[in-house]
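Tertiary structure, described
Chain residues, written in single-letter form:
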Amino acid sequence: MTHYLDFEKPLAELEGKAAELRALAAQEETKDVVGEADALDRKAKDKLRELYAKLTPWQKAQVARHPERPHCVDYVRELFTEWTPLAGDRNFADDHAVIGGLARLDGRAVMVIGHEKGHDTRTRIERNFGMARPEGYRKAIRLMELAGRFGVPVVTLIDTPGAYPGKGAEERGQSEAIARSTETCLRIGVPIVAAIVGEGGSGGAVAFATGDRILMLEHSIYSVISPEGCASILWKDAEKMREAAEALRLTAKDLSQLGVIDRIVEEPLGGAHRDRAATIRAVGEAIEEELKALDGQKGDALVAARRRKFLDMGTKGLAA
Amino acid sequence: MNWITNFVRPKVNALFARRDTPENLWTKCPECGTMLFHRELTKALMVCTNCDHHMAISPRDRAASLFDGGTYVEVPVPAPIEDPLRFRDQKPYPARLKEARRATGQHEAMLVAEGEIGRTPIVAAIQDFSFMAGSMGMYVGNAIVAAAERAVERKAPLVLFSAAGGARMQEGILSLMQMPRTTVAVQMLKEAGLPYVVVLTHPTTGGVTASYAMLGDVQIAEPNALICFAGPRVIEQTIREKLPEGFQRAEYLLDHGMLDRVTHRKDLREELIVITRMLTGQPPAIMAELPPPAEPAPLVETPAGGEGAEPAPGPDEDGTPPAKAAE
């Protein structure tokens, strides 16, 4: 059962009809019915192309949150070998919203850290919908430091609505944990390649996304606040999320123009969820290329360049 | 019952209305309701003399009360691109900025100053909640970087007073990027071996707490200041339960190990002098009003005397309390 987003409704109708006709054809073997189904499919494909050629920022936000979009665990399974998850912050708990561990990417040992949202009710609850608690950030800090000590490059996969706004999370120092995680990103002398594969939700995303190279999938979003949150604060109306998404400049294209991200990874027609394997492959290739480009750089030089990159950020506005 | 309220209330209202005073002379404490005379309140550094409630103090008043003799020099902050995203909600962002500038008389949400506290040179960065909720955008980021650079240049500690609703949404992702930017500024200080003291004031929330405001070598907060990542309202909506009394207030954070100290505003200056001097390997400061230059200092034996001289060792080194000697 495909999950259709609200703006994909015309597409759902076309594809639904085509599927019905095919089911009918399977029973009665009428040739013209098959022909009609094919025509509908072609029409659906045109519609898909038309819809995705001009996605609005709000529609992109919906695509970025699509339940069938490849998640961190999918990338880990498909891209890496010898995946060895490492758990815990050594202080309080293991946060299942953040996964981390050693793995090999095309033979090269890397430290993988990422947010995991889960794919069904059970796993979503287990993963807390990808919203990390302080333990998650402290696990990431621990793993980044480990990677730094042993010269292992870090690959982060960003996909979170934001850090978890809960009572315990606050009591255990959510802000301090995020601040330290960002600080660790800016301190370790190994390459960091960050890929925003879904939602880059505010401080919860920055904590891992402060890398040498920042990649972003075409329809991913990266923002200081969710469009809904921004709408309810600035418009005093959460229903104004379309306007807010527009104003926030949270799309890959805008962020690339602002110099916040370095590279856009194209998605298959109709978004990552329509061809998960191709998306994962494309992200993997991009990460490998970026890691190769960072090869052979000394730790001090890497750290200095990374800090310079962030200090210089925002000194140029949107190109006219 | 209705006839009596109708009958009485207008008269009561009229009575109060007639007693209405010009706003700038009296301030009502939002906590205990005491009416405070402006001169008294200013003298008490905007702390209620009845219930010790800490009200907002302007960055300039804060700087004047912090530095020796109220003297400081402003450190210039490089101007960022204004309205980098050409952001527009119900009003365009430049209009909001203009409005905030008119209302506060300030250019932006942070003041960077350098001067001496107890004859200890420091750089101070003071955030202004009254300016667009103190929100962190490119300017605040530039201010913190400028403050750190000046501190490194002068080999002086940086004291930062935080107060913010979080990131400035009108600068979108660039406001978010101030989290790593300001973190780099903090790292400059750490690598130069300079103390970075954070004083969290009411309220400090969101991306500000989750970056430079939580990375201090020493973390001090003013009493009852709200300090959090996610605000109490957001949390109540998420977990659908009432939060405990005092949740996310300074004392609560102190209890949970997130702060070093909670300090009354009147004691802050002295405490900052003590801490920064100890961390920079200097002898104790003279903890009294420095003698006016014209009068001979009775206890402190200053070899050369006069204004410019280095402070001599503390007055109580020989065990004589300074008050006695002054009599």
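These numbers come from a predicted model, not from an experiment.

A word on the overall build of chain B
Scanning chain B from terminus to terminus reveals 12 helices and 9 strands. Going through the 327 residues of chain B one by one, you find that 47% of them count as buried. The long-range fraction of contacts in chain B, counting pairs at least 24 apart against all pairs at least 6 apart in sequence, stands at 65%. Surface exposure of chain B reaches about 16600 Å², of which carbon and sulfur atoms provide 53%.

Quick notes on the overall build of chain A
Within chain A, the regular secondary structure consists of 14 helices and 8 strands. Taking 20 Å as the expected radius of gyration for a compact globule of 320 residues, we find that chain A reaches 21 Å, a close match to that expectation. Within chain A, buried positions represent 56% of all 320 residues. By sequence separation, contacts in chain A at least 24 residues apart represent 73% of the contacts at least 6 residues apart. Entry remark: accessible area of chain A is about 13500 Å², with carbon and sulfur atoms responsible for 51%. For chain A, the distance from the average site of its 47 positive side-chain charges to the average site of its 51 negative ones is 4 Å.

Some thoughts on the nonpolar core
Formed by 118 residues in total, the largest nonpolar core has its most connected members in Y222 and V260 of chain A together with Y212 of chain B. For this core, the element with the highest residue contribution is helix α5 (residues 138–154) of chain B, accounting for 8 residues. If we skip the residues at most four places from it in the chain, V260 of chain A touches I214, Y222, L255 and M313 of chain A together with I173, L174 and M177 of chain B. In terms of nonpolar packing, the next biggest core, distinct from the first, is built from 25 residues, F80, V265, V283 and I287 of chain A among them.

Description of the packing of helix α8 (residues 174–185) of chain A against helix α7 (residues 178–191) of chain B
Closest axis-to-axis distance for the α8 of chain A/α7 of chain B pair is 10 Å, and the angle between their directions is 75°. It follows that α8 of chain A is roughly perpendicular to α7 of chain B by the angle criterion. Note on element contacts: α7 of chain B touches α8 of chain A through M179, P180, T183, Q187 and K190 of chain B, opposite I178, R180, T182 and E183 of chain A. Within the contact of α8 of chain A with α7 of chain B, the residues separate by chemical class into 3 nonpolar, 3 polar and 3 charged.

Quick notes on the interface of chain A and chain B
Taken together, the 48 residues of chain A in the interface contact 48 residues of chain B. Counting the surface lost from both chain A and chain B, the interface buries some 4100 Å², and carbon and sulfur atoms represent 71% of this. In this structure, E191 of chain B and R307 of chain A form a salt bridge, with 2.9 Å as the shortest nitrogen-oxygen distance. Those elements giving two or more residues to the side of chain A that touches chain B turn out to be α7 (167–171), α8, α9 (202–209), β7 (221–223), α10 (227–235), α11 (241–248) and α14 (299–312) of chain A. Here the side of chain A that touches chain B takes 8 residues from α8 of chain A, the largest share from any one element. Its residues assigned to classes, the side of chain A that touches chain B comprises 25 nonpolar, 12 polar and 11 charged.

A word on the domain arrangement of chain B
Residues and elements named next belong to chain B. Annotation of chain B at the domain level lists domain 1 (23–54) and domain 2 (56–294). Summarising the inter-unit geometry, the C-alpha centres of domain 1 and domain 2 are found 23 Å apart. Both sides of the domain 1 and domain 2 interface together cover about 710 Å² of buried area, and 61% of this is carbon and sulfur. Looking at the side of domain 1 facing domain 2, the largest losses of area belong to L45, M46 and H54, adding up to 80% of the total buried there. On the surface where domain 1 and domain 2 come into contact, there are 0 salt bridges. On the surface where domain 1 and domain 2 come into contact, there are 3 residue pairs in polar contact (both at pLDDT 80 or more). In the side of domain 1 that touches domain 2, the residues fall into 3 nonpolar, 1 polar and 1 charged.

Some points on the domain arrangement of chain A
Residues and elements named next belong to chain A. For chain A, the assigned domains read domain 1 (13–54) and domain 2 (61–311). Relative placement of domain 1 and domain 2: their C-alpha centres are 38 Å apart. If you look at the interface, domain 1 gives 5 residues, while domain 2 gives 7 residues. Between domain 1 and domain 2, roughly 500 Å² of surface is buried when both sides are summed, and carbon and sulfur atoms account for 70% of that area. Taken as a group, L48, R49 and Y52 account for 88% of the area that domain 1 buries against domain 2, more than any other trio of residues on that side. Taken together, the connections running from domain 1 to domain 2 amount to 0 salt bridges. Run the count over domain 1 and domain 2 and you get 1 residue pair in polar contact (both at pLDDT 80 or more). Classifying every residue of the side of domain 1 that touches domain 2 by side-chain character gives 2 nonpolar, no polar and 3 charged.

Quick look at the UniProt feature "binding site: Zn(2+)" (unreviewed entry) in chain B
Residues and elements named next belong to chain B. UniProt's feature table lists "binding site: Zn(2+)" (unreviewed entry) at C29, C32, C48 and C51, given in the numbering used throughout. Their sequence span is 23 residues, while the largest C-alpha to C-alpha distance among them is just 8.6 Å; these annotated residues converge on one region. Along the chain, C32 turns up in the loop between β1 (26–28) and β2 (35–37). Taking the relative accessible area as the measure of exposure, C32 reaches 33% and is therefore partly exposed. Setting aside residues no more than four positions away along its own chain, C32 makes contact with C48, N50 and C51. By the element assignment, C51 lies in the loop between α2 (38–43) and α3 (59–66). You can call C51 partly exposed: its relative accessible area is 31%. The residues contacting C51, other than those within four sequence positions of it, are C29, E31 and C32.

Side note on the packing of α3 of chain B against helix α11 (residues 265–279) of chain B
Geometry of a packed helix pair, given as the angle between the helix axes and the separation of the axes. Residue and element names in this part refer to chain B. One way to put it is that α3 packs onto α11 with a least axis distance of 10 Å and a crossing angle of 55°. Accordingly, the angle class assigned to the pair α3 and α11 is oblique. α3 and α11 meet at a crossing whose hand is right-handed. Facing R62, S65 and L66 of α3, the residues of α11 in contact are R265, L268, R269 and L272. Classifying every residue of the contact of α3 with α11 by side-chain character gives 3 nonpolar, 1 polar and 3 charged.

Side note on the pairing of strand β5 (residues 120–127) of chain B
Residue and element names in this part refer to chain B. In terms of burial, β5 is largely enclosed, as 7 of its 8 residues are buried. Of the strand pairs in this sheet, strand β4 (residues 110–117) and β5 are connected by 8 bridges, and their pairing is antiparallel. Counterpart to L111 in the pairing with β5 is I126. Summarising the sheet, β5 and strand β6 (residues 158–164) pair through 4 bridges and their orientation is parallel. Opposite V123, over in β6, you have L158 as the bridge partner.

The rules behind each value
Residues numbered from 1 in each chain as written. Chains lettered and ligands numbered in written order. Predicted model: local features only at pLDDT ≥ 70, side-chain atom pairs only at ≥ 80, totals over all residues. Heavy atoms only, no water. Helix = DSSP H or I, 4+ residues; strand = E, 2+ residues; numbered from the N terminus. Buried < 20%, exposed > 50% of the residue type's maximum accessible area, 1.4 Å probe, protein only. Contact = heavy atoms within 4.5 Å. Areas by Shrake-Rupley, 256 points an atom, 1.4 Å probe, with all protein chains shown as cover. Rg over C-alpha atoms; globule rule 2.2 N^0.38 Å. Lys, Arg positive; Asp, Glu negative; His and termini not counted. Charge placed at Lys NZ, Arg CZ, Asp CG, Glu CD. Core = buried A, V, L, I, M, F, W, Y, C linked by side-chain atoms within 4.5 Å. Axes fitted to C-alpha atoms, helices over the stretch in contact; angles between N-to-C directions. Parallel < 35°, antiparallel > 145°, perpendicular 65-115°, else oblique. Nonpolar A, V, L, I, M, F, W, Y, C, P; charged D, E, K, R; others polar. Buried area = accessible area lost by both parts, 1.4 Å probe. Salt bridge = Lys/Arg side-chain N within 4 Å of Asp/Glu carboxyl O. Domains from an automatic or database assignment. Polar contact = N/O pair within 3.5 Å; in protein donor to acceptor, adjacent residues only side chain to side chain. UniProt positions renumbered as here; feature names shortened; annotations may be inferred. Left-handed = near helix turned anticlockwise from the far one by under 90°. Pairing = 2+ DSSP bridges.

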